[in-house]
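# Structural overview for review
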Amino acid sequence: MTILGATGSIGTSTVDLLRRAPGRYRVTALTARRDAGRLAALAREFGARLAVIADPNAYRELKDALAGSGIEAAAGREGLIAAATAPADVVVAAITGAAGLEPTLAALAPNRRVAIANKECLVCAGRLFMAKAETEGATVLPVDSEHNAVFQALAAGPREAVERVTLTASGGPFRTFPLERLKRVTVEEALKHPTWSMGAKVTIDSATLMNKGLELIEANHLFGLPPERLDVLVHPQSIVHALVTFHDGSVVAELSVADMRVPIAYCLAWPDRIDWQPPKLDLAALGSLSFERPDLERFPALALARGALEAGGAAPTVLNAANEIAVEAFLARRIDFPGIPALVEAVLAKAVSEGLAEPATVSEALAIDHVARSLCRGLLPEFAAKAS
Ligand code: NAD
Ligand code: MG
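Here is a short report on the structure shown in this document. These numbers were taken from a predicted model, which means no experiment stands behind them. (Residues numbered from 1 in each chain as written. Chains lettered and ligands numbered in written order. Predicted model: local features only at pLDDT ≥ 70, side-chain atom pairs only at ≥ 80, totals over all residues. Heavy atoms only, no water.)

## Digging into the pattern of salt bridges
Spelled out, the test is: One speaks of a salt bridge when a side-chain nitrogen belonging to Lys or Arg is within 4 Å of a carboxyl oxygen belonging to Asp or Glu. Put simply, DSSP H or I for four residues or longer makes a helix, DSSP E for two residues or longer makes a strand, and each gets a number counted from the N terminus. Categorising residues by exposure relies on relative accessible area from a 1.4 Å probe, with only protein chains included: less than 20% of the type maximum marks a residue as buried, more than 50% marks it as exposed, and the intermediate range marks it as partly exposed.
Enumeration according to the criterion identifies 25 salt bridges in this entry. Residue Glu-215 is joined to Lys-119 by a salt bridge in which the shortest nitrogen-to-oxygen separation is 2.9 Å. Residue Glu-215 is located in helix α11 (residues 210-223), and its partner Lys-119 is located in helix α6 (residues 119-136); the two are separated by 96 residues in the primary sequence. This pair shows no difference in class: Glu-215 is buried, exactly as Lys-119 is. Each of Lys-119, Asp-144, Glu-146, Lys-212 and Glu-215 takes part in one network of salt bridges that share partners.

This is how it looks when you write it as structure tokens:
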């Protein structure tokens, strides 16, 4: 197996599972953005054949750290593509953002399972990703907990009998905050997720609910379901991950503790299941599970994403790119929390006048991504001024 993004939160959970099933998997390639020390240590621990650092400036450090190990070192875009295409039965795609698009697409190969965590890749270029998976004969398995739950629940009946799919959302750390208070939330508060421990980008997306919006688009591509059959339900305990409603009135859900190792283990072992000694779900100890409708007024990002999904064309690609820049700007304390969806909305409005079509090729997706990022950077000073 190969892990693209081995040093991140999903990468670390994957590596933990490898340690719990010694000898079950052999590692082909591991990649990271710039933490050469961590990457080299992991490559040595698992006897990887190839270690790739995305940042070319860290290549020397990686090469030195691997000296005498016999592990090949590479860097940059070509290195990431080499890692993605090196022989492996399973590739875990766990890079954050549209930066993962090219390697994740390159990982699609005949008789291969691609366990996809990199949702931005599906939001940015979902149609072409799924089409390539189909022509290559690759199996796409969703790592994202909600989509993994949908994948498992869909097995309970024929596709024609599916009435709707509901993704749950924790509601994030600001679920109960009044609108007024959201203007003053800090980066530290936004980075404290109530139920999941994750990388910074997806944690901020969970706080704005943009994450759930991206996940609607992700579900649309993964399962070929139209927007009107996709719902979101807030469920603060993060135990029920998704529900599939069938025509006969049966609702099939998947439940587990909020631990990404559960869906990752499912993808690694599929169609088998492995006993990795998971933490047990104790419903009696939890006592109750609650559900509520999302509040689109306080969390407009969810409505923006649904709007982009319904509009189609280049809108989801633009939404994703703008959101990546907006989240970076919030983390850099340049804009306030409500500034994230406000900035994304402004970029979407501007992009409409560019009349961009849905990307049919990777280069088109990257071009739209580039245009949207530039538009967003152009609008940023105005939104930064509003926040200060
Ligand atoms: P993270 O930031 O913790 O890790 C990202 C990994 O990708 C790291 O190994 C990093 O070195 C690498 N990376 C980052 N930018 C890169 C670049 N420009 N080029 C090459 N490599 C790069 O992120 P994460 O939380 O592990 O999330 C990874 C993906 O999985 C995201 O798309 C996220 O939305 C999705 N996801 C994460 C979780 C979670 O629990 N963490 C849950 C569901 C979905
Ligand atoms: Mg999710």
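Moving on from the model shown.
## As for the coordination of the magnesium ion (ligand 2)
Ideal geometry at a metal gives 109.5 degrees between four tetrahedral donors and either 90 or 180 degrees between six octahedral ones. Basically, it comes down to this: Here the coordinating atoms are restricted to nitrogen, oxygen and sulfur within 2.8 Å of the metal centre, or 3.2 Å for Na, K and Ca, and because water is not among them the sites may look incomplete.
Looking at the magnesium ion (ligand 2), the protein donor atoms are Asp-144 (OD), Glu-146 (OE) and Glu-215 (OE), and they sit 2.1 to 2.2 Å from it. In primary-sequence terms, the residues that donate to the magnesium ion (ligand 2) follow D-x1-E-x68-E. Separated by 69 residues along the polypeptide, Glu-146 in helix α7 (residues 145-154) and Glu-215 in helix α11 bring together distant segments of the chain. Both residues of the pair, Glu-146 and Glu-215, belong to the buried class.

## Regarding the sheet that holds strand β11 (residues 251-255)
Worth spelling out the cut-off: The pairing criterion for strands is at least two bridges between them, as found by DSSP. To get an axis, fit a line to the C-alpha atoms, keeping to the stretch in contact for a helix; angles then go from 0 to 180 degrees between the N-to-C directions. When checking whether two residues touch, look at their non-hydrogen atoms; a contact exists if any pair is within 4.5 Å.
Here four strands make up an open sheet; going across it, the order is β9-β8-β10-β11 and the pairing mixed. Two strands bound the open sheet, and with one partner strand each, they are β9 (230-234) and β11. Here the average twist between neighbouring strands, direction ignored, is 20 degrees. Taken together, the five bridges between strand β10 (residues 240-246) and β11 define a ladder with antiparallel strand orientation. Directly across from Ala-242, in β11, lies its bridge partner Glu-254. The sheet contacts of α7 involve β8 (162-169), β10 and β11, and relative to β10 the element is tilted by about 35 degrees.

## Some details on the packing of aromatic side chains
The following threshold applies: Pairs were defined over the aromatic rings of Phe, Tyr and Trp, the Trp ring being its six-membered one, requiring ring centres within 6.5 Å. Orientation was assigned from the angle between planes: stacked under 30 degrees, edge-to-face over 60, tilted for the rest.
According to the stated counting rule, one finds four aromatic pairs in the structure shown. Consider the rings of Phe-174 and Phe-177, whose centres lie 5.0 Å apart with planes at 50 degrees: the pair is tilted. Residue Phe-174 is classed as buried on the basis of its relative accessible area, which comes to 1%. Seen from their ring centres, Phe-330 and Phe-337 are 5.7 Å apart, and the 70 degrees between their planes marks the pair as edge-to-face.

## Side note on the side chain of Arg-298
Defined as follows: Here a polar contact means two N or O atoms within 3.5 Å. Within protein one must be a hydrogen donor candidate and the other an acceptor candidate, and residues neighboring in sequence count only if both atoms are side-chain atoms.
Position of Arg-298 among the secondary structure elements: in the loop between α13 (283-286) and α14 (300-311). A polar contact of 2.8 Å, which involves the side chain of Arg-298, links it to the backbone oxygen of Arg-175. The residues contacting Arg-298, other than those within four sequence positions of it, are Phe-174, Arg-175, Thr-176, Phe-177, Pro-178, Leu-179 and Leu-182.

## Focus on a nonpolar patch on the surface
Heads up, the condition is: Only residues whose relative accessible area exceeds 30% and that form no salt bridge enter a patch; like-charged residues are grouped when within 9 Å of one another, and nonpolar side chains (Val, Leu, Ile, Met, Phe, Trp, Tyr) when within 5 Å. Only the protein chains shown count as cover for residues, with accessible areas throughout obtained via the Shrake-Rupley method and a probe of 1.4 Å.
On the surface, Leu-255, Leu-281, Leu-283 and Leu-286 cluster together into a nonpolar patch covering about 290 Å² of accessible area. As for its placement among the helices and strands, Leu-281 is situated in the loop between α12 (261-269) and α13. For Leu-281, a relative accessible area of 32% puts it in the partly exposed group.

## Some remarks on the site of ligand 1
The test is simple: Put simply, a residue is near a molecule or strand once any heavy atom of it comes within 4 Å of that molecule or strand. Amino acids are sorted into nonpolar (Ala, Val, Leu, Ile, Met, Phe, Trp, Tyr, Cys and Pro), charged (Asp, Glu, Lys and Arg) and polar (every other residue, Gly among them). Domain start and stop points were drawn from an automatic or database domain assignment.
If you check the shell around ligand 1, you find 22 residues, and the closest are Thr-7, Ser-9, Ile-10, Glu-120 and Gly-199. In the model, an oxygen atom of ligand 1 is placed 2.8 Å from a nitrogen or oxygen of the Ser-9 main chain. Within the backbone of Arg-33, an N or O atom sits 2.9 Å from an oxygen atom of ligand 1. Isolated, ligand 1 exposes 830 Å² of accessible area, and the fraction of that covered by the protein chains is 88%. Along the lines of polarity and charge, the residues of the shell around ligand 1 split into eleven nonpolar, seven polar and four charged. Each of domain 1 (2-142) and domain 2 (147-179 + 190-257 + 266-286) accounts for three or more of the residues forming the shell around ligand 1.

## Some points on the pairing of strand β3 (residues 50-53)
The test is simple: Convention used here: a crossover is right-handed provided that the path from the first strand, over the helix, to the second strand proceeds clockwise when the strands point away from the viewer.
By the alternation rule, side chains of β3 split into Leu-50 and Val-52 and Ala-51 and Ile-53, which are all buried. Pairing between strand β2 (residues 29-32) and β3: four bridges, direction parallel. Looking at the pairing, Ala-29 lines up with Leu-50 of β3. Between the parallel pair β2 and β3, the chain is carried across by helix α2 (residues 36-46), and the sense of this crossover is right-handed. Where β3 meets strand β4 (residues 72-75), four bridges bridge the pair, whose relative direction is parallel. Pairing of Leu-50 across the sheet is with Glu-72, part of β4. The parallel pair β3 and β4 is bridged by helix α3 (residues 59-65), and the resulting crossover is right-handed.

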